[in-house]
Amino acid sequence: MTETEVPGPEPDWQPATQPPYYTGRNPAYQYSVWEHSVPLFQMLGGLELPVQAVAQRLRLHVERSWDGLDELDVVLFRLDGFSFAISKHDGIQPAISCVWLTQPHEQADKALDTLLAVIGIGEDAVAFRGDAHDYRAGRIAASQDPGSPDDVPGVLVATSLWARFRRAIGMTAATQ
């Protein structure tokens, strides 16, 4: 077999993971496994604690990933018949870890209660229950992010998962 040499990137191509997506000359847009799968997940709520604390308690391995928001820590695991994911984006302040079911389930409240009981914490560690888009805005202070991809017309539509999520957690200047 002959060796084929692949040319390097064109000088005017931005990194394929760099927002705002689809605005540069690079014809490729790379997305992570997390970014690809999370739209299928059901959000249960948010916890005011780091992913590492849950991982340590349950002896889980924390994975490092990234998505359309920024870098994040995530653990995926099964517990008492429920499949969970817990994620924490670097840019979210205060430190809120999002709790997800990897498959939608009718007993979402029971799933979150089961998780709380097994990791040994009470309701006081819960920042919000349900979808991040529905929780009270007063729980997390909004931050200004004028250069975000959500602010670039035609790049990320307002109804996309990441645009809604960024607004819900206070990562853009846009209000709901």
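Below, the structure is looked at part by part.

Rules used throughout
- Residues numbered from 1 in each chain as written.
- Predicted model: local features only at pLDDT ≥ 70, side-chain atom pairs only at ≥ 80, totals over all residues.
- Heavy atoms only, no water.
- Helix = DSSP H or I, 4+ residues; strand = E, 2+ residues; numbered from the N terminus.
- Contact = heavy atoms within 4.5 Å.
- Areas by Shrake-Rupley, 256 points an atom, 1.4 Å probe, with all protein chains shown as cover.
- Core = buried A, V, L, I, M, F, W, Y, C linked by side-chain atoms within 4.5 Å.
- Buried < 20%, exposed > 50% of the residue type's maximum accessible area, 1.4 Å probe, protein only.
- Pairing = 2+ DSSP bridges.

Examining the overall build of the chain
Okay, so step 1: Summing up its helical and strand segments, the chain has four helices and six strands in all.
Okay, so step 2: Along the chain, from the amino end to the carboxyl end, the secondary structure elements read α-β-α-β-β-β-β-α-β-α.
Okay, so step 3: Look at the contacts in the chain between residues 6 or more apart in sequence, and 56% of them connect residues 24 or more apart.
Okay, so step 4: Carbon together with sulfur atoms contributes 52% to the accessible area of the chain, which is approximately 10300 Å² in total.

Some remarks on the environment of Phe 41
Okay, so step 1: Mapped onto the secondary structure, Phe 41 falls in the loop between α1 (33-37) and β1 (42-47).
Okay, so step 2: Between the alpha carbons of Phe 41 and His 105 there is a distance of 9.8 Å; along the sequence they are 64 residues apart.
Okay, so step 3: Those residues in contact with Phe 41 that sit more than four places away from it in its chain are Trp 34, Leu 76, Ala 85, Trp 100, Leu 101 and Thr 102.

Some words on the nonpolar core
Okay, so step 1: With 22 residues, the main nonpolar core has Leu 44, Leu 47, Phe 77, Phe 84, Ile 86, Val 99 and Leu 115 as its most contacted residues.
Okay, so step 2: Breaking this core down by element, the ones donating at least two residues are β1, α2 (51-58), β3 (71-79), β4 (82-89), β5 (97-101) and α3 (108-119).
Okay, so step 3: No other element matches the six residues that α3 contributes to this core.
Okay, so step 4: Discounting chain neighbours no more than four positions away, the residues touching Ile 86 are Val 51, Val 54, Asp 73, Val 74, Val 75, Phe 77, Ser 97, Cys 98, Val 99 and Leu 115.
Okay, so step 5: Listed in part, the 13 residues of the second largest apolar core include Val 38, Phe 41, Met 43 and Trp 100.

Overview of the pairing of β4
Okay, so step 1: Of all eight residues making up β4, eight are buried, and the element is well covered by its neighbours.
Okay, so step 2: Linking two consecutive strands that pair antiparallel, namely β3 and β4, is a turn of two residues; a positive phi of about 50° is found at Asp 80 within it.

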